[in-house]
Amino acid sequence: MKKTIVALFLSFFLITLLKAEVTPLLLYKSQQDKACENWVEATLSRMSLKEKVGQLFIYTIAPVNNRKNLALLREVTHTYKVGALLFAGGALENQALLTNYAQKQAEIPLMITFDGEWGLAMRLKNTPDFPKNMVLGCIQDDRLIYRYGQEVARECKELGVDVNFAPVADVNINPNNPVINVRSFGENPNNVANKVIAYASGLESEGVLSVAKHFPGHGDTDTDSHLALPVLPFTRERLDSVELYPFKQAIRAGVSGIMVGHLQVPVLDHDNEFPSSLSRNIVYGLLREELRFKGLVFTDALAMKGVSKTENVCVRALKAGNDMVLTPRNIKEEMNSVMEALKSGTLTQESIENKCRKVLMYKYALGIQRKRTIRMSGLERRINTPEAEKLIRELRLAAVTVVENKKKVLPLHQDKSALAVVSIGDTKADSAFIRGLEKYAVIDHYHLTEELSDSARQVLKQTLAMHKRVVVSITTTNVRAFDSFLAELSTAVSTIYTFFTPVAVMDKLKMPLSLASAVVLSHSGETEVLAHTANALFGKVSVDGRLSVSVQGLYKENDGVTITPNTPHYYDPEEYGMHAEVLSRIDSIVYEGIAKGAFPGCQVVILKDGKPVYDRCFGTLTYEDKNRKVKSTDLYDLASLSKTTGTLLAVMKLYDQGRFSLTDKVSQYLPFLRGTNKENITISELLFHQSGLPPSLPFYRETLDPTSYKGKKLTCSSLKYKDGMTSDSPSSVYTLHVADSLYVNKSFRQLAYALIAKAPVKAKKYVYSCVNFILLKELVEQISHRQMDVFLDNEFYAPMGINRMLYLPLRRYKKEDIAPSVKDDCLRGGVLKGYVHDESAAFLGGVSGNAGLFSSARNVAEVYQLLLNEGEYEGKVYLSKETCRLFTTMISKISRRGLGFDKPDAKDEKKSPCSVSTPSSVYGHTGFTGTCAWADPEHNLVYVFLSNRTYPQPSNNKLLQMNIRPRIQEIIYQSLEE
């Protein structure tokens, strides 16, 4: 419980950006704890000045368990009484033994520090091997980085480590950086800051002090500060926006420690006398005063050549404002120089005591005030846990990045043709990848080596060109010899590159990658990564990594494409007899429509032979919100397209079951029509729109107070509903949900049926009528004894896996997932989003025969493909071939209309809803809100267009005036001809 409270409290400090001045949590805890104050002051009171100086030194020692090393440990703990140790690389057990020995020798418990940027494995053998920061920078979920920090802290605590010199907060925007490179989270300051905060939060939530480094920023240098002094020749504005940015964010988030690097930064220290780690202007002036950092400040290792030749280096470091000095080359000389500086007044006793007090406070906060012993038995097992390995796998898989999917070849689809795979690297290095691919496709596997002769390479190239797609698997960094071969291959065939290597290898294959269809960066060749990448290529798992650094001349930082199991398979139009270049002309038609205000956005889907050869989203859901781009999962009000994707499907199913005949009188099933002038209307007449019924009936006026408007025109400001007809909340009486806070009395349906019964009937000629389909919906429910939406979902949508086609969409989806149809609806008030636009359908409760369905274009296309397949979809039969053929081929003798479907008008092109090249066999429908769907049995083709052209006003008729939908359809047929 206590641990949970601490973690929650920590999150408050470390994840929320607070005021400019933030006290790190560990220090805050110490300051609030009276016991801490008592221990610190009591300890200080019995310490000599030299012992207080000793607390500020961190001594580095190799984890070698021999007499010489033990003697050295005794000397630094007894003679110099250092406050902390840093172990160099070596064996896990040795570090534990030496830590126990040193803690026994020390009068004041030692602070054990560790340089574990990617965990213990950075220095110690046989410990969990986490990915480097540049890989972790590709991960989009920072909660994983937080968990990573927690796990590293857990391992540190098992080894008695209190401080981890991590995370690296440097922004690595220099690809030639010889020292930071993969140690950085990347080149985007914001991403680096987020990862630093997440990692630091994880470390400190488990009681390990985190130290962000190397202040003020070591990312854009081409000099290694271990060997010389790098220079940052930048303006203050540049430093603020890049180098300093992650440190500022970390300080605001409450990080406890910062390490100052050995850098020359002229703009921050005009005297330019000392490196940043020894500069009072930078350590005290910038870090302490300006940025108000209150935590522990550490120098980088003072034995590094960037500063090691500086005289009295530790004196200068402490005077600059550092709290603890790390790894001075000669501890005896440096401690003596500090004592001399105190005598001469160069350093004050007060400053040393304040630094020592802070170190002791942090020791108390970290639990170092009492003696501790590492339990040796089972140490390696406790550190190398299954949970640690599981987290490592999660991090590796989360970093996999689909860098580019230029031709949308991913995810690959499973067809009968073989997939070629070319392996470059050691034999069997990618065997898990090959095995993974073989689960989904027949694989023709080839191995490309440097030893392969020119003639053999030519034969291989010709063989590969016979495949539709080629996957190149790269598991080696030695790839330059294959550059020209791969470039020629990528020109000849669709090629997918998978790199099981560091990102730097991509830089060696710029020409082939510029021609690639897709590129995947998996970072490493562990078995689980190989298998995961194979699954990702076929869309069986999700990958959402983004590049943490750019690949010069090819890709930018943050480039990447998300692939999920819901990502549609792309099918090359060329493979299905269509020309992709011609289809691309659709884009310009759509963009023209958006630019001229015909609609804010749309979805366009084209299926050829059941495969999506064109599937694109354009624009935005509204004109106001330019950031909300249309997504393939967004739902649109289908309007009258509901007739064929909803009502007609149900009618066909019941007909298929022999529940009625087309020549049956509808009054046989709907009693309220008996004894009226509609008694003899047949079901086929309703489907052909030859019933004589009016195009529509204003049912909704039955709910309005007639005194609130005059004539047929409604005045929004004065409009009122009849008493007892509506309510702002649902009940057993008010069941028809029409809009937000508007529910209509359930008796309204009977009023609507009465209006239909009383309506005049004209001659039985072709008059398109929504009333016809309202009656057909009632027919469906009377015969099936189920509500039509339930019937359709049970018989079609659910078993077909169609989950984004439904009535009353707000019962399942949020408004953010739905395109609005009207900005300010007079009748219902406000934006219509998730409520059907058609007034008749709305006041009938949202489930009507004429309108009410909401869907994505993909789901509409699936329904139409079912019809093209003559009732079968993905191996399951939903309708008989006979029924499908009847309804999709029968045409009225007096109009262009089919049985419920609309058709091209061969006699009058101006009246035709289709393009001039559309065959007469095509069937489909359009919708008032700016929708259409057409199925072409001659070419096995489906075309779907969904928009909300009625937003903001239904009077916007530019979609029709610009002939957008037929023009797109014409492009489709041009792509077939050419």
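Note that the structure is predicted; figures quoted are calculated from it, not measured.

**Remarks on the overall build of the protein chain**
Scanning the protein chain from N- to C-terminus turns up 34 helices and 27 strands. Taken along the three principal axes of its C-alpha coordinates, the protein chain extends 115 × 80 × 55 Å. A separation of at least 24 residues holds for 72% of the contacts in the protein chain among residues at least 6 apart in sequence. With an accessible surface of roughly 38800 Å², the protein chain has 50% of that area assigned to carbon and sulfur atoms.

**Description of the sheet that holds strand 14 (residues 518–521)**
Backbone hydrogen bonds hold the strands of a sheet together, and the pairing may be parallel or antiparallel. The strand order 9-14-13-12-10-11 describes an open sheet built from six strands, whose pairing is mixed. Looking at strand neighbours, the two that pair on one side only are strand 9 (401–404) and strand 11 (443–447), the edges of this open sheet. The average undirected angle you get between the axes of adjacent strands in this sheet is 20°. Pairing analysis gives five bridges linking strand 10 (residues 419–424) to strand 11, with the strands arranged parallel. Residue pairing in the sheet places Ala420 in a bridge with Asp444 of strand 11.

**Some points on the packing of aromatic side chains**
Tallied over the entire structure, the rule returns 17 aromatic pairs. Aromatic side chains Phe215 and Phe247 sit 5.3 Å apart centroid to centroid with 85° between the ring planes, which places their arrangement in the edge-to-face category. Separated by 32 residues along the polypeptide, Phe215 in strand 5 (residues 209–215) and Phe247 in helix 11 (residues 245–253) bring together distant segments of the chain. In this pair, the class of Phe215 matches that of Phe247, namely buried. Seen in terms of ring centroids, Tyr571 and Tyr576 are 6.0 Å apart; in terms of plane orientation they differ by 75°. Their pairing is edge-to-face. Of the two residues, Tyr571 and Tyr576, neither departs from the other in class, the shared state being buried. Linked through ring pairs, Phe130, Tyr148 and Tyr199 together constitute an aromatic cluster. The ring of Phe796 has Lys653 sitting right over it, with the charged end atom 5.9 Å from the ring centre. The ring of Phe928 carries the charged tip of Arg949 above its face, separated from the ring centre by 4.4 Å.

**Quick look at the environment of Asp33**
As for its placement among the helices and strands, Asp33 is situated in the loop between helix 2 (25–32) and helix 3 (34–45). Separated by 717 residues in sequence, Asp33 and Gln750 have C-alpha atoms that sit 74 Å apart.

**Let's talk about empty space enclosed by the protein**
Summed over all chains, the structure comprises four cavities of 30 Å³ or more. Roughly 110 Å³ of internal volume is contained in the largest cavity. Lining the largest cavity are Leu412, His413, Asp415, Ser417, Ala418, Leu419, Ala441, Lys468, Arg469 and Phe538. Split into classes, the residues belonging to the lining of the largest cavity amount to five nonpolar, two polar and three charged. Taken as a whole, the second largest cavity holds about 60 Å³ of empty space. If you go around the second largest cavity, the residues you meet are His737, Val738, Leu808, Pro809, Gly834, Tyr835, Val836, Ala842, Gly846, Gly852 and Phe854. By residue class, the composition of the lining of the second largest cavity is seven nonpolar, four polar and no charged.

**Comments concerning the environment of Lys720**
Looking at the element boundaries, Lys720 is found in the loop between helix 26 (683–688) and strand 18 (726–727). C-alpha of Lys720 to C-alpha of Tyr623: the two residues are 97 residues apart in sequence and 30 Å apart in space. Setting aside chain neighbours within four positions, we find Lys720 in contact with Leu704, Asp705 and Ser708.

**Remarks on the nonpolar core**
Counting 129 residues, the largest nonpolar core has Leu85, Tyr148, Phe215 and Phe298 as its most contacted members. Top element by residues in this core is helix 15 (residues 349–365). It accounts for eight residues. Excluding anything up to four places from it in sequence, Tyr148 contacts Glu117, Trp118, Gly119, Phe130, Pro131, Asn133, Leu136, Tyr199, Leu391 and Leu395. Counting residues in hydrophobic clusters, the runner-up holds 95 residues, among them Leu662, Leu776, Tyr813 and Ile818.

**Section: the sheet that holds strand 17 (residues 636–637)**
Ordered in space as 17-22-21, the three strands form an open sheet in which the pairing is antiparallel. Whereas interior strands pair on both sides, the edge strands pair on one side only; in this sheet they are strand 17 and strand 21 (805–807). Note that strand 17 and strand 22 (residues 853–855) share two bridges and pair antiparallel. When the sheet's bridge partners are listed, Asp637 is paired in strand 22 with Phe854.

**Regarding the pairing of strand 2 (residues 84–87)**
Residues of strand 2 alternate between two faces, with Ala84 and Leu86 on one and Leu85 and Phe87 on the opposite face, all of them buried. In terms of strand pairing, strand 1 (residues 57–61) meets strand 2 through four bridges, oriented parallel. Opposite Ile58, over in strand 2, you have Ala84 as the bridge partner. Between strand 1 and its parallel partner strand 2, the chain crosses via helix 5 (residues 67–79), and the hand of that crossover is right-handed. Sheet topology places strand 2 next to strand 3 (residues 111–114); three bridges connect them, and they run parallel. Residue pairing for strand 3: Leu85 is matched across the bridge by Ile112.

**Describing the state of the cysteines**
Applying the stated criterion across every chain yields a total of zero disulfides. No disulfide involves Cys914; its sulfur sits 8.0 Å from the nearest other cysteine sulfur, which is in Cys932. In this structure Cys914 comes out as buried when scored by relative accessible area, which is 5%.

**Things to note about unusual backbone geometry**
With the exception of glycine, most residues fall at negative phi, and the peptide bonds are largely trans. Of the consecutive residues Lys213 and His214, the connecting peptide bond is found in the cis state with omega at 5°. Tracing the backbone through its elements, the reader meets His214 in strand 5. In the segment running from Phe215 into Pro216, the intervening peptide bond is cis, with an omega of 5°. Inspection of the secondary structure puts Pro216 in the loop between strand 5 and helix 10 (236–241). With a phi close to 60°, Glu870 is a non-glycine residue in the positive phi region. Its place among the elements puts Glu870 in the loop between helix 31 (857–868) and strand 23 (872–873).

**As for the pairing of strand 12 (residues 469–474)**
In regular strands, side chains alternate between the two faces of the sheet. Within strand 12, six of the six residues are buried, which leaves it mostly tucked inside the rest of the structure. In strand 12, alternate side chains face the same way, and those of Arg469, Val471 and Ser473 on one face and Val470, Val472 and Ile474 on the other are all buried. As judged from the five bridges shared by strand 10 and strand 12, these two strands associate in the parallel manner. Across the sheet, residue Ser423 finds its bridge partner in strand 12, namely Ser473. Both strand 12 and strand 13 (residues 494–499) contribute to a ladder of six bridges, which runs parallel. Pairing of Ser473 across the sheet is with Thr498, part of strand 13. Of the crossover connections in this fold, the one passing from strand 12 over helix 20 (residues 483–492) to the parallel strand 13 is right-handed.

**A closer look at the pattern of salt bridges**
All told, the structure shown has 50 salt bridges when counted by the stated rule. The closest approach of N and O atoms between Glu394 and Lys390, which form a salt bridge, is 3.1 Å. With Glu394 and Lys390 both in helix 17 (residues 386–398) and four residues apart, this pair spans about one turn of that helix. Glu394 sits in the partly exposed class, given a relative accessible area of 23%. What emerges from the salt-bridge pattern is a single network uniting Asp115, Glu117, Arg123, Arg183 and Lys213.

**A word on the confidence of the model for the protein chain**
Per-residue pLDDT for the protein chain averages 92, and the proportion of residues at 70 or more is 96%. Here residues 1–20 scores under 50 on pLDDT; set against residues more than four positions off or in separate chains, the count is 36 contacts.

**A closer look at helix 12 (residues 280–290)**
Within the sequence span of helix 12, burial applies to Ile282, Val283, Leu286, Leu287 and Arg288. The buried residues of helix 12 occupy one face: seen down the axis, they fall within an arc of 165°. A distance of 3.4 Å separates the backbone nitrogen of Asn281 from a side-chain oxygen at the start of helix 12, and that oxygen is part of Ser279. Positive backbone phi, at 60°, marks Arg292, one or two positions downstream of helix 12.

**A short note on the packing of helix 24 (residues 585–595) against helix 34 (residues 964–977)**
Two numbers describe a pair of packed helices, the interaxial angle and the distance between the axes. At a minimum axis distance of 9 Å, the contact between helix 24 and helix 34 shows a crossing angle of 170°. When the interaxial angle is binned, helix 24 and helix 34 end up roughly antiparallel. Of helix 34, the residues touching helix 24 (which contributes Arg585, Ile586, Ile589, Val590, Glu592 and Gly593) are Ile964, Arg967, Ile968, Ile971, Ile972 and Gln974. For the contact of helix 24 with helix 34, the class distribution of residues is seven nonpolar, two polar and three charged.

Procedures and definitions
- The numbering scheme is per chain: residues are counted from 1 as the chain's sequence reads.
- Under the rules for a predicted model, residues below a pLDDT of 70 receive no local features and side-chain atom pairs below 80 are neither given nor counted, while totals for whole chains, interfaces and linings still include all residues.
- Side-chain descriptors were evaluated using all non-hydrogen atoms of the structure, hydrogens and water having been removed beforehand.
- Helix numbers and strand numbers start at the N terminus; a helix is a DSSP run of H or I with at least 4 residues, a strand a run of E with at least 2.
- Contacts: residue pairs with any heavy atoms within 4.5 Å of one another.
- Per-residue and other accessible areas follow the Shrake-Rupley method at a 1.4 Å probe size, with only the shown protein chains counted as cover for residues.
- When DSSP finds two or more bridges between a pair of strands, those strands are recorded as paired.
- All axes here are fitted lines through C-alpha atoms, helices being fitted over the stretch that makes contact, and every angle between N-to-C directions spans 0 to 180 degrees.
- Here a pair means two rings of Phe, Tyr or Trp (six-membered ring of Trp) with centres within 6.5 Å. Their orientation is stacked below 30 degrees between planes, edge-to-face above 60, and tilted elsewhere.
- For every residue, the accessible area (1.4 Å probe, protein chains only) is compared with the maximum for its type, and the residue is labelled buried under 20%, exposed over 50%, or partly exposed between those bounds.
- Our definition puts a charge over a ring when NZ of Lys or CZ of Arg is within 6 Å of the ring centre and also within 35 degrees of the ring normal.
- We place a 1 Å grid over just the protein atoms. Points where a 1.4 Å probe fits but has no way out form a cavity, open points with protein on both sides within 12 Å along at least 5 of 7 lines form a pocket, and any residue with an atom within 4 Å of a point lines it.
- Grid points are joined across faces, edges and corners, and a volume is the space filled by probe spheres set on the points.
- Polar here means any residue outside two lists: the nonpolar Ala, Val, Leu, Ile, Met, Phe, Trp, Tyr, Cys and Pro, and the charged Asp, Glu, Lys and Arg; Gly therefore counts as polar.
- The criterion is simple. A nonpolar core is a set of buried Ala, Val, Leu, Ile, Met, Phe, Trp, Tyr and Cys residues joined through side-chain atoms within 4.5 Å.
- Assignment of crossover handedness uses the view with strands pointing away from the viewer, where a clockwise path from the first strand over the helix to the second indicates a right-handed crossover.
- For this text, the term disulfide refers to a pair of cysteine sulfurs within 2.5 Å.
- By definition here, a salt bridge exists when the distance from a side-chain nitrogen of Lys or Arg to a carboxyl oxygen of Asp or Glu is within 4 Å.
- Every residue gets a pLDDT, meaning the predictor's confidence in that residue, from 0 to 100.
- Directions drawn from the helix axis to the C-beta atoms are what define this arc.
- Counting of polar contacts relies on pairs of N or O atoms within 3.5 Å, with two restrictions inside protein: one atom must be capable of donating a hydrogen and the other of accepting it, and residues adjacent in sequence are counted only when both atoms are side-chain atoms.
- When describing relative orientation, an angle under 35 degrees is termed roughly parallel and one over 145 degrees roughly antiparallel, while 65 to 115 degrees is termed roughly perpendicular and anything else oblique.

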